[in-house]
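Descriptive structure summary
Here is what each chain is made of, one letter per residue.
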Amino acid sequence: MDLFDYMREQNKEKESPLASRLRPSALEEVVGQQHIIGKDKLLYRAIKADKLSSILFYGPPGTGKTTLARVIANTTSAEFKQINATSAGKKDMEAVVAEAKNNQGMYGRKTILFIDEIHRFNKGQQDFLLPYVEDGTVILIGATTENPYFEVNGALISRSIIFELKSLSKEDIKTLILRAVNDEKKGMGVYNACIEDEALEFLSDISNGDARAALNAIELGVLTTDPGEDGKIHITLSVAEECIQKRVVKYDKDGDSHYDTISAFIKSMRGSDPDAAVYYLARMLYAGEDIKFIARRIMICAAEDVGNADPQALVVAVAAAQAVERLGMPEARIPLCQAVSYVASAPKSNSAILAIDKAMSAVAETKTAPIPVHLQDSHYKSAGKLGHGQGYLYAHDYPRHYVKQQYLPDGLTGEKFYEPTDNGYEAEILSYLNSLQ
C-alpha cells in the first residue's frame, strides 16, 4: 500500500456517503431482517459461532445485503475478501484463490469471499468458483438483487444456503433515519440537525423500504439546508420532498419485479378487475417500462382472455398499440389506460387459444390427411382433369347461406376445436352454431 492508498483508506470513513458510513459493525446494530438474523435463527447462530458455510443473499436494493457481509467480516476469524462482479474478472478471483490456499495451507485459516452483484458474473466465471467452494478453499458469500434460481449456476446454488432479504418496514426506515440524524460518530449528528415528524413520516413512506434512498435524502437535506435562527438545521417536509422528489419503485426491467408486475397486470385484466389492472399499468409506466412491451401484452390478453366474448377488445388493443407508437409518452398513457380498462371490463372467453392449441396438437400428432377433393382448388389449369373442386356446395346458394358438407379431412370429421362459451357476444356465436346442427 502506497502513501496515497493509505490516506485514501484513512479518509474513506469520513468521506464515504452516509449510507456507507452508517453500516453497522455488529449484528445487534442491524435494523430489520429479523426473519433471518433473529437470535433464534440459523444465520444469527452461524455468524455468532463463526461457522458459516457458503451463502447467497438475495433481495431488493437497500435491504442490507452488503451490510450483513460487512458484519460477518467484522465478526469472523477468517480472512475476508470482497470483490464486485461489475468490475472484477477471473484474474481477481484467481488472486483470491491463490491467497486462500496459502492461508489454508500455512496458517489453517479459512477465507470468506464476498462477491457483490454475483449475478453479473457469466457462467464461466461462476463455474471457476465451483471447485474451490466445493473443497472449502473459499467460503462464498454472494449478494444479488436478482432471483438466484435464474441468475446463479445451479451447481453454486446447491452448495449454498439462500437467504432472502425483505424490503425494510416503515418503522425500520424511521429507526435508520433518526440514527442518521442524531449519530455524531457515523451520522450527521455533528451538524446539529433535527427532522420534523412530517418529514420523518414522508421519507420513511416514500423510500419504499430502501434504506439507501432514505439515507441519501437525509444526507442531501442536511448538507444543503442552512441553519435556522436557533442554529439548528431543520429537515422539514418541504426539504424532504425536494431531496427525494420521486417515490422509489422496486422495479428492474430484467428482474423479478418486471415479471411479477406484468404477471399481476395480466392476471388483473383476465380477472376483470380494471382498478388493479390500471394500477399495475401506472406502476410500470412510473418505473419507465417499455410502452410497446405493455401494448403487446394488452393485445395478447385481448385475444387470449377476451376473444370472441367481445371481438372489439382486440380492435381497441391494436388501436392503442398503434397510438402508442405515434404518440409516445406521456400521452401514450391515455390510450394504454383506455385499452387496459376495456379489456379488463370485457366479458371473458379463452375459447380461441383452446381451439388453436387443440388444432395444433392434432396437426402435430396425426398423420397429415389429404384435403377433401371437393375443397381443393379448381381454378388452376388441369385441376378439372384431376377432379379438384368437384362436388363442392357453394354456401350462398342455400337458405341462410349455409349448407352442410364435409370440411375436415377424413379421420377428423366430427372433431371439435372451437367450442364457444355462453359469455358475452360468444353466446350469440354459440346459439348460431347450434342452430345449424
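Basis of the calculations
Residues numbered from 1 in each chain as written. Predicted model: local features only at pLDDT ≥ 70, side-chain atom pairs only at ≥ 80, totals over all residues. Heavy atoms only, no water. Axes fitted to C-alpha atoms, helices over the stretch in contact; angles between N-to-C directions. Helix = DSSP H or I, 4+ residues; strand = E, 2+ residues; numbered from the N terminus. Parallel < 35°, antiparallel > 145°, perpendicular 65-115°, else oblique. Left-handed = near helix turned anticlockwise from the far one by under 90°. Contact = heavy atoms within 4.5 Å. Nonpolar A, V, L, I, M, F, W, Y, C, P; charged D, E, K, R; others polar. Core = buried A, V, L, I, M, F, W, Y, C linked by side-chain atoms within 4.5 Å. Buried < 20%, exposed > 50% of the residue type's maximum accessible area, 1.4 Å probe, protein only. Pairing = 2+ DSSP bridges.

**Observations concerning the packing of helix α10 (residues 170-182) against helix α11 (residues 197-206)**
Contact geometry for α10 and α11: axes closest at 9 Å, N-to-C directions at 125 degrees. Accordingly, the angle class assigned to the pair α10 and α11 is oblique. Here α10 runs over α11; the crossing is right-handed. In this structure, α10 contributes K170, I173, K174, I177 and L178 to the contact, and α11 contributes L200, E201, L203, S204 and D205. Its residues assigned to classes, the contact of α10 with α11 comprises five nonpolar, one polar and four charged.

**Structural notes on the nonpolar core**
In this structure, I177, I195, L203, L215, I218, V222 and I235 are the most contacted members of the largest nonpolar core, which totals 30 residues. Among the secondary structure elements, those contributing two or more residues to this core are α2 (18-21), α10, β6 (193-195), α11, α12 (211-224), β7 (233-235) and α13 (237-243). Considering each element in turn, this core owes the most residues, seven residues, to α12. Beyond its immediate sequence surroundings of up to four residues, I195 is in contact with I177, L178, V181, L200, L203, I218 and I235. M284, I298, V306 and V316 belong to the second-largest nonpolar core, a separate cluster that totals 29 residues.

**Remarks on the pairing of strand β4 (residues 139-144)**
With respect to burial, β4 is a largely interior element, six of its six residues being buried. A two-sided burial pattern is seen for β4, the buried positions comprising I139, I141 and A143 on one face and L140, G142 and T144 on the other. In this sheet, β4 lies alongside strand β1 (residues 55-58) in parallel orientation, the contact comprising four bridges. Paired with L56 across the two strands is G142, which belongs to β4.

**Thoughts on unusual backbone geometry**
Omega for the bond connecting M329 with P330 falls within 30 degrees of zero, at 10 degrees, which places this linkage in the cis form. Along the polypeptide, P330 turns up in the loop between α17 (312-327) and α18 (333-345). In this model, E117 sits at a positive phi of 55 degrees, which is unusual for a non-glycine residue. With respect to the secondary-structure elements, E117 resides in the loop between β3 (111-116) and α7 (123-134). In this model, S272 sits at a positive phi of 60 degrees, which is unusual for a non-glycine residue. Mapped onto the fold, S272 is located in the loop between α14 (256-270) and α15 (274-286).

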